[in-house]
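Each chain, letter by letter, is given below.
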Amino acid sequence: MTEFERTLVQSFNTYFEEKSIKGIAHRLKQHRFTPQFLDVLVDSLDPDYYLGIECKSISVDKGAKALYFTQHFTIDKNGIHQIDRISDYLIRSGRTGFLAIELKMGVGRAREAYIIPWDVLRDRFHEDGRTKFTVDEIQDFCRMERKANMYVIDPDGWKKVSRIIS
C-alpha cells in the first residue's frame, strides 16, 4: 500500500468517526498474480460513501507530463484494460468510482492530489485518439485539499467540481 492510499483510507475512517457516519474505508491486500478491483473501497449504507477509488501517482519533478492510459494502467492476461475492468466492477457493485491522482512535485514541494469522477475517465479512455490526461488537465479537476496530514473528504463535492473542458 502506498502512502497516498494509506492516507486516503485513514482520512475516510477519521472522517466517518468524527461525523458519526457508519462507514469504513479499506485497502484489499494485493496478490502478485491476482488483479485487485480497486485500490481503496469505501463501504457505507449512505450511497454518497459507497465508493471505489483507484489511485495513481506521477512524478512531475522527474518529467512526467501526463497520466497515460497505456503506461499507468494495466492489461490483464485476457487482454482487458484496467479501466474497463474497473468500470465493469463499478457498474456491477453499484459503487461510485473515482480516480485519485497524486502529483509528486519534487523535493521541498508539497504533493498535490486531484480527483476525477470515473465516468469522465472512462469516457476519455473510449474517445478516439485520447490517450492521456495531461498534468494541466488533471489540475483542472477538483483538488483534494489537505488538513493536518489528512485529505478533506467530500465525495459529493468531488462529483460536482469536475471543471475539465474538452
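Residues numbered from 1 in each chain as written. Predicted model: local features only at pLDDT ≥ 70, side-chain atom pairs only at ≥ 80, totals over all residues. Heavy atoms only, no water.

### A word on the packing of aromatic side chains
Going through the model one piece at a time under the given rule, you end up with 10 aromatic pairs. For the ring pair Tyr 15 and Phe 16, a centre distance of 6.2 Å and an interplane angle of 55° mean the geometry is tilted. Seen in terms of ring centroids, Phe 16 and Tyr 49 are 5.5 Å apart; in terms of plane orientation they differ by 90°. Their pairing is edge-to-face. Here Phe 16, found in helix H1 (residues 3-19), pairs with Tyr 49, found in the loop between strand S2 (40-44) and strand S3 (51-59); they are 33 residues apart in sequence, far enough to count as distant. Accessibility expressed as a relative area gives 2% for Phe 16, which makes it buried. (Phe/Tyr/Trp six-rings, centres within 6.5 Å; stacked < 30°, edge-to-face > 60°. Helix = DSSP H or I, 4+ residues; strand = E, 2+ residues; numbered from the N terminus. Buried < 20%, exposed > 50% of the residue type's maximum accessible area, 1.4 Å probe, protein only.)

### Considering the nonpolar core
Counting residues in each nonpolar core, the largest one holds 23 residues, and the members touching the most others are Leu 99, Leu 103, Leu 121 and Ile 138. Those elements giving two or more residues to this core turn out to be helix H2 (82-93), strand S5 (96-104), strand S6 (112-117), helix H3 (118-126) and helix H4 (135-138). With four residues, the top contributor of residues to this core is H2. Apart from the residues within four sequence positions on either side, Leu 103 is in contact with Ile 58, Val 60, Arg 111, Glu 112, Tyr 114, Val 135, Ile 138 and Gln 139. (Core = buried A, V, L, I, M, F, W, Y, C linked by side-chain atoms within 4.5 Å. Contact = heavy atoms within 4.5 Å.)

### A few points about the side chain of Glu 102
By the element assignment, Glu 102 lies in strand S5. On the accessibility criterion, Glu 102 (5% relative accessible area) is buried. Here Glu 102 is in contact with Phe 4, Lys 56, Ser 57, Ile 58, Arg 111, Glu 112, Ala 113 and Tyr 151, once residues within four sequence places are set aside.

### Observations regarding the side chain of Ser 87
The residue Ser 87 is located in helix H2 in this model. Among the polar contacts listed, one links the side chain of Ser 87 to the backbone oxygen of Ile 83, at a separation of 2.7 Å. In this view, Ser 87 contacts Trp 118 and Arg 122; residues no more than four positions away in its chain are not counted. (Polar contact = N/O pair within 3.5 Å; in protein donor to acceptor, adjacent residues only side chain to side chain.)

### Some remarks on the pairing of S3
Within S3, eight of the nine residues are buried, which leaves it mostly tucked inside the rest of the structure. Direction of pairing for S2 relative to S3: antiparallel, over a ladder of three bridges. The partner of Leu 41 across the bridge, within S3, is Gly 52. Counting the residues in the hairpin turn of S2 and S3 gives six residues. (Pairing = 2+ DSSP bridges.)

### A word on H1
Look at H1: 24 Å from first C-alpha to last across 17 residues, which is about the 24 Å you get at 1.5 Å a residue. Among the residues of H1, those classed as buried are Phe 4, Glu 5, Thr 7, Leu 8, Val 9, Ser 11, Phe 12, Tyr 15 and Phe 16. Ser 20, located one to two residues past H1, shows a positive phi value of around 55°. (Expected span 1.5 Å × (residues − 1).)

### Observations regarding H2
In a regular helix each residue adds 1.5 Å, so 12 residues correspond to 16 Å; H2 covers 16 Å between its end C-alpha atoms and thus fits that length. Restricting attention to buried positions, one finds in H2 the residues Gln 82, Ile 83, Arg 85, Ile 86, Ser 87, Tyr 89 and Leu 90. Close packing links the buried residues of H2 with S2, S3, S5 and H3. One or two steps after H2, the chain reaches Gly 94, where phi turns positive at roughly 80°.

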